[in-house]
Amino acid sequence: MRLRDAVIRRPAVVALLLCNILLAPGVTAVWLNLPASGTKCVSEEIQPNVVVLADYAVVHDGPADGLPIISAKVTSPYGNTLHHKEHVTAGQFAFTTTEAGNYLACFWIDSGDKGVGASVSLDWKIGIAAKDWDSVAKKDKIEGVELELTKLEAAVQAIHANLLYLKSREAEMREVSERTNARVAWFSIMSLSVCIVVSMLQLWHLKGYFQKKKLI
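Residues numbered from 1 in each chain as written. Predicted model: local features only at pLDDT ≥ 70, side-chain atom pairs only at ≥ 80, totals over all residues. Heavy atoms only, no water.

## Thoughts on helix H3 (residues 145-212)
Given a rise of 1.5 Å per residue, 68 residues ought to cover 100 Å, and the 99 Å separating the end C-alpha atoms of H3 matches this to within 8%. Within the sequence span of H3, burial applies to Leu147, Glu148, Lys151, Leu152, Ala154, Ala155 and Tyr165. Directly beyond the C-terminal end of H3, a positive phi value near 55° is found at Lys214. (Helix = DSSP H or I, 4+ residues; strand = E, 2+ residues; numbered from the N terminus. Expected span 1.5 Å × (residues − 1). Buried < 20%, exposed > 50% of the residue type's maximum accessible area, 1.4 Å probe, protein only.)

## Some points on a nonpolar patch on the surface
Together, Leu206, Tyr209, Phe210 and Leu215 give the surface a local cluster of nonpolar side chains, amounting to about 380 Å² of exposed area. Structurally, Tyr209 can be placed in helix H3. For Tyr209, a relative accessible area of 42% corresponds to the partly exposed category. (Patch = residues over 30% accessible without salt bridge, like charges linked within 9 Å, V, L, I, M, F, W, Y side chains within 5 Å. Areas by Shrake-Rupley, 256 points an atom, 1.4 Å probe, with all protein chains shown as cover. Salt bridge = Lys/Arg side-chain N within 4 Å of Asp/Glu carboxyl O.)

## Thoughts on the nonpolar core
With 25 residues, the main nonpolar core has Tyr56, Ile70, Phe93, Phe107, Leu122 and Trp124 as its most contacted residues. Sorting the residues of this core by element identifies strand S1 (27-34), strand S2 (39-46), strand S3 (51-59), strand S4 (70-75), strand S6 (90-96), strand S7 (101-109) and strand S8 (118-126) as the ones contributing at least two each. A per-element tally of this core places S8 first, with 5 residues. In this structure, Phe93 is in contact with Val52, Leu53, Ala54, Tyr56, Val74, His83, Leu122 and Trp124, ignoring residues within four places of it in sequence. (Core = buried A, V, L, I, M, F, W, Y, C linked by side-chain atoms within 4.5 Å. Contact = heavy atoms within 4.5 Å.)

## Observations regarding the packing of aromatic side chains
Evaluation of the coordinates by the stated rule reveals 6 aromatic pairs. With a centroid separation of 5.8 Å and 80° between ring planes, the pair formed by Phe93 and Trp124 is classed as edge-to-face. With a gap of 31 residues between them, Phe93 in strand S6 and Trp124 in strand S8 connect regions that are remote in the sequence. Accessibility expressed as a relative area gives 3% for Phe93, which makes it buried. Aromatic side chains Phe95 and Tyr103 sit 5.7 Å apart centroid to centroid with 25° between the ring planes, which places their arrangement in the stacked category. Like Phe95, the residue Tyr103 is buried in the burial classification. Members of the aromatic cluster, joined through ring pairs, are Tyr56, Phe93, Phe95, Tyr103, Phe107 and Trp124. (Phe/Tyr/Trp six-rings, centres within 6.5 Å; stacked < 30°, edge-to-face > 60°.)

## Looking at the pattern of salt bridges
All chains considered together, the criterion is met by 3 salt bridges. Glu170 is the salt-bridge partner of Arg174, the closest N and O atoms lying 2.7 Å from each other. Note that Arg174 and Glu170 are positioned in helix H3 at a spacing of 4 residues, about one turn of the helix. Exposure remark for Arg174: the relative accessible area of 40% places this residue in the partly exposed category. Judged by its relative accessible area of 42%, Glu170 falls in the partly exposed class. Two residues, Glu175 and Arg179, come together in a salt bridge whose shortest N-O distance is 3.1 Å. Here the residue Glu175 and the residue Arg179 both occupy positions in helix H3, the gap between them amounting to 4 residues, near one helical turn.

## Overview of the environment of Asp55
In this fold, Asp55 is placed in strand S3. Considered as a pair, Asp55 and Ser121 are 66 residues apart in the sequence and their alpha carbons are 8.1 Å apart. Apart from residues lying up to four places away in sequence, Asp55 is in contact with Gly91, Gln92, Ser121, Leu122 and Asp123. Polar side-chain contacts of Asp55 include one of 2.7 Å to the side chain of Gln92. (Polar contact = N/O pair within 3.5 Å; in protein donor to acceptor, adjacent residues only side chain to side chain.)

## Quick notes on the side chain of Ser119
Position of Ser119 among the secondary structure elements: in strand S8. A polar side-chain atom of Ser119 sits 2.9 Å from a polar atom in the side chain of Asn33. When sequence neighbours within four positions are dropped, the list of residues in contact with Ser119 reads Trp31, Leu32, Asn33, Ala57, Val58 and Val59.

## A short note on the sheet that holds S2
Strand pairing in a sheet takes place through backbone hydrogen bonds and is either antiparallel or parallel in direction. Taken together, the 4 strands give an open sheet; going across it, the order is S2-S7-S4-S5, and neighbouring strands pair in antiparallel fashion. One side of each edge strand has no neighbouring strand; the edge strands of this open sheet are S2 and strand S5 (81-88). The mean inter-strand angle of the sheet, taken between neighbouring strand axes irrespective of direction, is 10°. When S2 meets S7, the two strands line up antiparallel, connected through 8 bridges. Looking at the pairing, Ile46 lines up with Gly101 of S7. (Pairing = 2+ DSSP bridges. Axes fitted to C-alpha atoms, helices over the stretch in contact; angles between N-to-C directions.)

Structure follows, in structure tokens:
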């Protein structure tokens, strides 16, 4: 009986370990120390059609009524505002990306006391890490190994989508590089042609000058 239990439990343990490994890159926990004046930002490069969920809160050791007041703003790679809150001590933002590139989350102190800094805890989840697996388990009535396999399947799909995205980016970069090389080659040919033409004009001018002076 013990051997059979061990055999049954082993896939669940392996699935759990693999799922934790695959889910880890989608979770980012950041501790930001905000200056007394100025803005502190954190960015993340994300591909399109990816769910992003983040929670942020001011960390303060003193009394609750002494919490610094902050403002938060999240912008897309093209500068579109996705989240903007002022005069808060905690908040949450969630969105699905529509553009590929760096998404920027900025925080700054918004309270009247500008002489004191503040610390902000930011829990940034991307992709399958932002998915509510408890709700999925209740909706589909799955648990245990089946739930872990579902997580693994989602992780594999996310990795596959990321590889396709990286492949497309690599193709774009290669195309840009080839266009740049072609332009450089044409510029080199044109520069060489101009140099040859200028040299011929100089020789023609010098020949005429020497003939006029009866030197040749």
